[in-house]
Amino acid sequence: MKLHHFLLFIHLAGVVVWVGGMAFAHFCLRPAALALPPAQRLGLWRAVLGCFFRIVWVAIAVIVVSGFAMLLEVGFAQAPRSWHVMAAIGLLMAAIFASIWFGPWRALQQAVAAESWAQGAQALNLIRQRVTLNLVLGTLTVALATLGLAY
Ligand code: HEM
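Overview of the structure.

About the cut-offs
- Residues numbered from 1 in each chain as written.
- Predicted model: local features only at pLDDT ≥ 70, side-chain atom pairs only at ≥ 80, totals over all residues.
- Heavy atoms only, no water.
- Helix = DSSP H or I, 4+ residues; strand = E, 2+ residues; numbered from the N terminus.
- Buried < 20%, exposed > 50% of the residue type's maximum accessible area, 1.4 Å probe, protein only.
- Expected span 1.5 Å × (residues − 1).
- Donors = N, O, S within 2.8 Å, 3.2 Å for Na, K, Ca; no water.
- Tetrahedral: all angles 85-135°; square planar, octahedral: opposite > 155°, others 65-115°.

Digging into the overall build of the chain
So, point 1. Looking only at helices and strands, one finds five helices and zero strands in the chain.
So, point 2. Along the chain, helices (α) and strands (β) appear in the sequence α-α-α-α-α when read from the amino end.
So, point 3. With the principal axes as the frame, the chain shows a C-alpha extent of 55 × 25 × 25 Å.
So, point 4. Taken over 151 residues, the chain has a buried fraction of 36%.

Given below as structure tokens:
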């Protein structure tokens, strides 16, 4: 096994966990949770996202470090355009995630602790919008990386 294969493996493992987790939350957990009353629904999201978001930080670190390591193997100037596009979108996705972590995620935790369900629902809505954006960007990045659309 070459170093490149190992880097590609951990890169894709990070992508699977991050993008797959967002898809599960959006397409499976959200419709099921909508049936719950606000207190239970927001409490559930607080617990689920608290766990998932910690894992996302690890996935981001793995994706960015392995991604730039693979870029450096060939050198920035020689790397195909699709790799540069992937790096740019990947960093944008990481910035969007940081904006969730330091913004509406904090607000959701405070609202649940204070039992302010209206504010909690507002914060959760912001989280949903930004996670959906990242899900679209992540899917687009996988398409660019695999379909050769940006060469
Ligand atoms: C800082 C961010 C990133 C950098 C620098 C980066 C860089 C790279 C590099 C250099 C490769 C190796 C390609 C090859 O050997 O053919 C790769 C593969 C790949 N990356 Fe990224 N990447 C980043 C983020 C992402 C993100 C956010 C996703 C998806 C959500 C993603 C999806 C993929 C996929 C699917 C491959 C496999 C492509 C293939 O081998 O055909 N990457 N990445």
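What about helix α2 (residues 38-74)?
So, point 1. The end-to-end C-alpha separation of α2 is 52 Å, in line with the 54 Å expected for 37 residues at 1.5 Å each.
So, point 2. After α2 finishes, the residue G75 shows a positive phi value of roughly 95°.

Observations concerning the coordination of the iron atom of the ligand
Ideal geometry at a metal gives 109.5 degrees between four tetrahedral donors and either 90 or 180 degrees between six octahedral ones.
So, point 1. Taken together, H11 (NE2) and M86 (SD) make up the full set of protein donors to the iron atom of the ligand, lying 2.0 to 2.1 Å away.
So, point 2. In this structure, the iron atom of the ligand is coordinated by six donor atoms arranged in octahedral fashion, with angles at the metal of 86 to 180°. Pair noted here: H11 is in helix α1 (residues 3-33) and M86 is in helix α3 (residues 81-102), with a separation of 75 residues, a long-range link.
So, point 3. Classification of H11 as buried rests on a relative accessible area of 9%.

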